[in-house]
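Coordinate inspection notes
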Amino acid sequence: MKWFKRRRREDPWEVVGCKTVEPVIMVDSEDDDDVIYVQEGDTCGRYIFEFTRQAPSGMHCSSAVQFARQQLLQQVATKGYNVLLEEGFASRWSLTLLRRGKCHRIQVDYTGRPGCLSGKLPPLRSPPFMALLEGQHIFS
């Protein structure tokens, strides 16, 4: 008869705070002539950042969202797209701060509608509504 080892029970992650930004179109109407094709559906990615020594600040949260966006842009570039026409869920980003004991975790869900623009790409703007995160300790 085999005895099964009991798995050590891990404490669940506690949600400390959450910020969400609703859909925002990121390409000017002047650029509509340059759109070659658009993906039918949205592309999304979930990115998790661990903090074991300190609680993340507003700048950590801002950097996490910017990194998530950059990763999503790289992911859609492998499929032949070069821009996110809309960003959010049907396009939005959301950031959740989690805590378990002394450890913290930032979870970023970033969604966008990939498209391909011809010619010179417009300058890359920062993700929409980053001021929600920058310069404040939003989850204290």
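You'll find the structure just up there.
Just so it is clear, the structure is predicted and the values come from calculations on it, not from any experiment.

Rules used in this analysis
Residues numbered from 1 in each chain as written. Predicted model: local features only at pLDDT ≥ 70, side-chain atom pairs only at ≥ 80, totals over all residues. Heavy atoms only, no water. Helix = DSSP H or I, 4+ residues; strand = E, 2+ residues; numbered from the N terminus. Buried < 20%, exposed > 50% of the residue type's maximum accessible area, 1.4 Å probe, protein only. Contact = heavy atoms within 4.5 Å. Areas by Shrake-Rupley, 256 points an atom, 1.4 Å probe, with all protein chains shown as cover. Phe/Tyr/Trp six-rings, centres within 6.5 Å; stacked < 30°, edge-to-face > 60°. Salt bridge = Lys/Arg side-chain N within 4 Å of Asp/Glu carboxyl O.

Details of the overall build of the protein chain
Along the protein chain, the regular secondary structure elements total one helix and seven strands. Its helices and strands in sequence order give the protein chain the pattern β-β-β-β-α-β-β-β, from N to C terminus. Taking all 140 residues of the protein chain together, 39% fall into the buried category. Contacts spanning at least 24 positions in sequence make up 85% of the contacts within the protein chain whose residues lie at least 6 apart. Approximately 9,200 Å² of the protein chain is accessible, and the part contributed by carbon and sulfur atoms is 51%.

Digging into the packing of aromatic side chains
Here a ring pair, both rings aromatic, is described through the centre-centre distance and the interplanar angle of the planes. Scanning the model with the defined rule gives two aromatic pairs in all. Ring plane angle 65° and centroid distance 5.5 Å describe the contact between tyrosine 37 and tyrosine 81, whose orientation is recorded as edge-to-face. Of this pair, tyrosine 37 sits in strand E3 (residues 35-38) while tyrosine 81 is found in the loop between helix H1 (58-77) and strand E5 (83-87), placing the two residues 44 residues apart along the sequence. Judged by relative accessible area, tyrosine 37 falls into the partly exposed class, the value being 36%. Take tyrosine 81: its relative accessible area is 15%, and that puts it in the buried class. Pairing phenylalanine 49 with phenylalanine 67 gives two aromatic rings, centres 5.8 Å apart and planes at 80°, and the pair type is edge-to-face. Note that phenylalanine 49 is positioned in strand E4 (residues 43-51) and phenylalanine 67 in helix H1, a separation of 18 residues in sequence. You can call phenylalanine 67 partly exposed: its relative accessible area is 42%.

As for the pattern of salt bridges
All told, the structure shown has five salt bridges when counted by the stated rule. We note a salt bridge from arginine 99 to glutamate 14, for which the minimum N-O separation is 3.2 Å. Of this pair, arginine 99 sits in strand E6 (residues 93-100) while glutamate 14 sits in strand E1 (residues 14-21); the two residues are 85 residues apart in sequence, bridging distant segments of the chain. The class for arginine 99 is partly exposed, based on a relative accessible area of 29%. Look at glutamate 14 and you get partly exposed, because its relative accessible area is 41%.

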